[in-house]
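Commentary on secondary and tertiary structure
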Amino acid sequence: MKKSTIIILGLIMSASFLILLSLQVGYIEEIVSMRHEQFDESVKRSLYNAAHKLEVYETMRYLEKDAAETELSNQMGKQGGMVTHQYDFKSDGKVSSFEMRTIIMPQRPKKENKIPEASRSLQEVIRNRYIHQRELMDEVIYKILYTASKLPLEQRINFRALDRDLQAELLHNGIEIPYHFTVSTSNGREIYRSEECNAEGEEPYFTQILFGNDPPNKMGLLKIYFPTMNSYIFSSVRFMIPALFFTIVLCIAFIYTLYVILRQKKVTELKNDFINNMTHEFKTPISTIS
């Protein structure tokens, strides 16, 4: 085989190996990028849900407190001919009560033919009272949404519940790696740091605003860190490492084989040149002797 033919085949095979390696590296980069985007989206969704639950819990506590105060203020009215219709709702294992009270006129002797009329009158009173209570409820909710709590941020947040919600949301979105987080005020004052959190000099991977509907000076900032994030993301491309390794091994083996072939060809050419020279040198004395 000619030397030029060997060189051309070697160039073709080398180019094929390089293209194969570039495709594998590009595929790995694409998987890592896609995994990174999925991780980002999952963490953002988890943080948003956890922050939303904080506002829901605060709203529930406010409503429970308002209901208790309303019940206490109207307790005296129960003895003055008031009928209580109680509607319960459950939130986080607790039962809160909203009471709809209707005033009933002192009972008078009634005839049988006046019972339907009295029933209709009672239903009308209950309906009007219910509408009034709904308006009061809307007013309370409006006040909660647009009026910030006067309590400091550290008293508004149950940090154990926040940690539990973060863990549950992350697990729900398929993230099972360790994390730690900090909570600070809008002016940067840190009010909480989770256990084993050593975040000095480390940039937070994600941040989430807490109580975003409040005025800026009442908002909080949640910062979450993932120490093993890189290993978690690159774990999705581990199956590609053996393929990449063996491709590199084949490329090295091919280059070495090509080097050996070219070297053997050179040795063969030297041997043939030596034999030809020796043959030529022996021909002259032999012809002279003959």
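Calculation notes
Residues numbered from 1 in each chain as written. Predicted model: local features only at pLDDT ≥ 70, side-chain atom pairs only at ≥ 80, totals over all residues. Heavy atoms only, no water. Helix = DSSP H or I, 4+ residues; strand = E, 2+ residues; numbered from the N terminus. Contact = heavy atoms within 4.5 Å. Areas by Shrake-Rupley, 256 points an atom, 1.4 Å probe, with all protein chains shown as cover. Pairing = 2+ DSSP bridges. Core = buried A, V, L, I, M, F, W, Y, C linked by side-chain atoms within 4.5 Å. Buried < 20%, exposed > 50% of the residue type's maximum accessible area, 1.4 Å probe, protein only. Expected span 1.5 Å × (residues − 1). Axes fitted to C-alpha atoms, helices over the stretch in contact; angles between N-to-C directions. Salt bridge = Lys/Arg side-chain N within 4 Å of Asp/Glu carboxyl O.

Digging into the overall build of the chain
Across its full length, the chain carries six helices and six strands. For the chain, the α and β elements follow one another from N to C terminus as α-β-β-α-α-α-β-β-β-β-α-α. Counting only contacts in the chain whose residues sit at least 6 apart along the sequence, the fraction spanning at least 24 positions is 66%. Carbon together with sulfur atoms contributes 59% to the accessible area of the chain, which is approximately 20900 Å² in total.

Brief notes about the pairing of strand 4 (residues 190–193)
Two faces, one strand: in a regular strand the side chains alternate between the faces of the sheet. In terms of strand pairing, strand 3 (residues 180–185) meets strand 4 through three bridges, oriented antiparallel. Bridging across to strand 4, T182 finds its partner in R193. Where strand 3 hands over to strand 4, the hairpin turn is made up of four residues, of which G188 adopts a positive phi near 95°.

What about the nonpolar core?
F39, V43, I157, L162, V183, I224 and F226 are the most contacted members of the largest nonpolar core, which has 34 residues in total. Secondary structure elements with two or more residues in this core: helix 1 (3–73), helix 4 (159–172), strand 3, strand 5 (206–210), strand 6 (220–225), helix 5 (229–234) and helix 6 (240–289). If one sorts the elements of this core by residue count, helix 1 sits on top with 10 residues. For F226, the residues in contact, after removing those within four places along its chain, are F39, V43, L170, I175, I177, P178, Y179, Y205 and F206.

Let's talk about helix 6
For helix 6, spanning 50 residues, the distance from its first C-alpha to its last is 74 Å, which sits close to the expected 74 Å at 1.5 Å a residue. Of all the positions in helix 6, only M240, L244, T247, C251, F254 and L258 are classed as buried.

Let's talk about the sheet that holds strand 5
Pairing in this open sheet of four strands is antiparallel, and the strands run 4-3-6-5 from one edge to the other. The open sheet has two free edges, formed respectively by strand 4 and strand 5, since each of these has just one partner strand. Across the sheet, the mean angle separating the axes of adjacent strands is 20° when strand polarity is ignored. In this structure, strand 5 lies alongside strand 6, joined through five bridges in antiparallel fashion. Bridging from a neighbouring strand, L210 pairs with G220 of strand 6. Lying on the sheet, helix 4 is in contact with strand 3, strand 4 and strand 6; it crosses strand 3 at an angle near 130°.

Describing the pattern of salt bridges
For the structure on display, the rule yields six salt bridges. Where E124 meets R127, a salt bridge forms, and the shortest distance between an N and an O atom there is 2.7 Å. Separated by three residues within a single helix, E124 and R127 lie in helix 2 (residues 115–146), roughly one turn from each other. By relative accessible area, E124 is classed as partly exposed at 37%. Exposure remark for R127: the relative accessible area of 44% places this residue in the partly exposed category. Taking the shortest distance from any N to any O, the salt bridge between E269 and K265 comes out at 3.8 Å. Residue E269 and its partner K265 are located together in helix 6, separated by four residues, close to a single helical turn.

Considering the environment of V32
Structurally, the position occupied by V32 is in helix 1. Remark: the alpha-carbon pair of V32 and S235, spanning 203 residues in sequence, is separated by 9.2 Å. Setting aside residues up to four positions removed in sequence, V32 forms contacts with I233, F234 and V237.

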